[in-house]
Amino acid sequence: MVPTDAGVEANECMKVFIARNPDEAGSANSTSLQPFDLNHFFGEDGKIYGYKNLKINVWISAISFHAYADISFEETSDESQISSLFFRIAGLNCFPYRYSNVVTDGNVIKHVELQGAAAFLYCRLVPLILLLVEGSTPIDITEHGWEMLLVVKKSAQASSSSNFLVLGFAAVHHFYHYPESTRLRISQILVLPPYQGEGHGLRLLETINSISESENIYDVTIEDPSDYLQYIRSSIDCLRLLTFDPIKPALCSMVSSLKETNLSKRTSSLKMVPPSDLAVTVRQKLKINKKQFLRCWEILIYLNLDAEDRKTLDNFRACIYDCIKGEILGTSTGPNGKRLVQMPSNFDEETCFAVYWTQDGGDADDQTVEQQPEDLKTQEQQLNEVVDSQMEEIVEVAKNVTSRGKDKLSVSCSV
Ligand SMILES: CC(=O)SCCNC(=O)CCNC(=O)[C@H](O)C(C)(C)COP(=O)(O)OP(=O)(O)OC[C@H]1O[C@@H](n2cnc3c(N)ncnc32)[C@H](O)[C@@H]1OP(=O)(O)O
């Protein structure tokens, strides 16, 4: 339809609130869920057309996740627009469902299969997931193997419908790993904004780790984790690894090598990787997957370096540089010109890669375009930016681990 007016951005005229009790529904005093982008629910330009002074307020119940929408406007150029608008907002799940009680006891974290009432609850959480988990899409709950962990709290209000509030949840998928085990992938984690930063996300991850250990899962992965989730995950895993004795000899030997070498002239090189049998032991005992263990390994090494020892810190950075260069540019060409490059993926962070072959003396059209010195310079700058950002991530997690695990750090390598 051709727009008849300038339209209004959904972000400007629409607000979403969380209502913790029935009195809060309809009240502007309830907790707003902004900021997030509502525009992408409304066409290519994010605008709503055909209304004057349009105001849309949506309240989502923190108990049942039913949503209630209040739409007001002074006039509309086309009455049929109203039903279309309702239809769009219904896409955000605003219709009256009755609450079915899923959490029935006082456990802080409930662990339920995504079937029946739990599946209904997940469906009602979908609008919040779309709004608050960047780049998310609803999971297919008809598929076998989904489970949901809920963080719940006893409600202070005497509510007729439930004694519990849902503060957050994680959707996890169990999938088959050859020949006879199961991997566990965390697909979505959300802690509702009023309750973020109170340790619930951390507790969800810790619970998933302990379930994986007790059920002897092959390993745990996270589907496309946000930076903050990755920071929390690495902090927890490093703290677990600090008290995991089997890593200590290899870790201390790597720290000594870093101290003794001098990589500044680039006449020698050092691979900062753990022994492969150690990665297997860590996966078997702690359920940390190999890629995540490699991240933590770098952080654990950094934690054991002396902040005053410039040369060792430079060696550490040089190793990170070489490793990233290898990953991004695929510098290590194997036999027969075979190269393996890791590919970004939102499916499984460990299993997506591309293999390609380069042939010496092939047809001229097949040959790689020769890189000009200026291309190399930009490449070098970009590479250094990636290395800087990885160093920042390492330092951030190391700071958190130092402040949370002082007692554990004292048993680490003293070099
Ligand atoms: C796969 C995916 O779903 S990716 C998308 C993830 N989800 C989202 O982005 C949605 C919006 N965000 C959220 O829902 C939440 O912020 C989450 C899930 C990312 C994190 O949950 P929260 O409950 O907010 O985090 P939580 O309070 O547990 O954070 C941990 C904090 O406690 C600290 N912490 C507390 N105790 C410990 C401890 N024992 N060990 C380590 N860290 C600890 C952490 O360092 C961190 O603090 P800091 O940020 O001040 O450094």
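Residues numbered from 1 in each chain as written. Predicted model: local features only at pLDDT ≥ 70, side-chain atom pairs only at ≥ 80, totals over all residues.

A word on the pairing of strand β12 (residues 181-191)
Just so we agree on the cut-off: Strand pairing requires that DSSP identify at least two bridges connecting the strands. Numbered from the N terminus, helices here are DSSP runs of H or I no shorter than four residues, and strands are runs of E no shorter than two. Consider the strands pointing away from the viewer: the crossover is right-handed when the path from the first strand over the helix to the second runs clockwise.
The pairing of strand β11 (residues 164-177) with β12 spans 10 bridges and is classified as antiparallel. In the sheet register, F169 faces β12, and the bridge partner there is L190. The loop that links β11 with its antiparallel partner β12 comprises 3 residues. Judged from the 3 bridges that link them, β12 and strand β13 (residues 220-222) form a sheet pairing that is parallel. Bridging from a neighbouring strand, I186 pairs with I222 of β13. Of the crossover connections in this fold, the one passing from β12 over helix α4 (residues 200-214) to the parallel β13 is right-handed.

Some thoughts on the packing of helix α5 (residues 227-242) against helix α8 (residues 290-303)
Heads up, the condition is: Lines fitted to C-alpha atoms define the axes, with helix axes restricted to the stretch in contact, and inter-axis angles between N-to-C directions lie between 0 and 180 degrees. Roughly parallel covers angles under 35 degrees, roughly antiparallel covers those over 145, roughly perpendicular covers 65 to 115, and oblique covers all other angles. With C-beta atoms placed from the backbone, a contact is any residue pair whose C-beta atoms sit within 7 Å. Gly is placed with the polar residues, together with every amino acid not listed as nonpolar (Ala, Val, Leu, Ile, Met, Phe, Trp, Tyr, Cys and Pro) or charged (Asp, Glu, Lys and Arg).
Direction vectors running N to C along α5 and α8 enclose 70°, while the axes themselves pass 10 Å from each other. With respect to α8, the element α5 is oriented roughly perpendicular. From α5, S234, D237, C238 and L241 reach across to α8, where they touch Q292, R295, C296, I299 and L300. Considered class by class, the residues forming the contact of α5 with α8 number 5 nonpolar, 2 polar and 2 charged.

A closer look at α4
For clarity, the cut-off: One less than the residue count of a helix, multiplied by 1.5 Å, gives the span that helix is expected to have. Counting other C-beta atoms within 10 Å of a residue's own tells you its class, since 20 or more makes it buried, 12 or fewer makes it exposed, and anything in between is partly exposed; those C-beta atoms are placed from the backbone.
For α4, which comprises 15 residues, the first-to-last C-alpha distance of 21 Å matches the rise-based estimate of 21 Å (1.5 Å per residue) to within 8%. For α4, the complete set of buried residues consists of H200, G201, L204, L205, I208, N209 and S212. Phi turns positive one or two residues past the end of α4, at N216, with a value near 50°.

Observations regarding the domain arrangement of the protein
Selection criterion: For the domains described, the bounds stem from an automatic or database domain assignment.
As assigned here, the protein comprises domain 1 (8-90), domain 2 (109-218) and domain 3 (239-406). Facing 14 residues of domain 1, the contacting portion of domain 2 comprises 16 residues. Looking at the side of domain 1 that touches domain 2, its residues break down into 9 nonpolar, 4 polar and 1 charged.

Looking at the packing of α4 against α5
Heads up, the rule is: We call a crossing left-handed when the near helix sits turned anticlockwise from the far one by less than a right angle, and right-handed when that turn is clockwise.
Running from N to C, α4 and α5 cross one another at 55°; their axes reach a closest spacing of 10 Å. Considering the angle they form, α4 stands oblique to α5. As for how α4 packs across α5, the hand of that crossing is right-handed. Contacts from G201, L202, L205 and E206 in α4 reach I232, R233 and I236 in α5. The residue makeup of the contact of α4 with α5, split by class, is 4 nonpolar, 1 polar and 2 charged.

Regarding the sheet that holds strand β6 (residues 55-61)
Spatial strand order, β3-β2-β6-β7: 4 strands in an open sheet with mixed pairing. The strands lining the two open edges of the sheet, one partner per strand, are β3 (31-32) and β7 (67-72). Judged from the 6 bridges that link them, β6 and β7 form a sheet pairing that is antiparallel. Following the sheet pairing, K55 is matched in β7 by S72.

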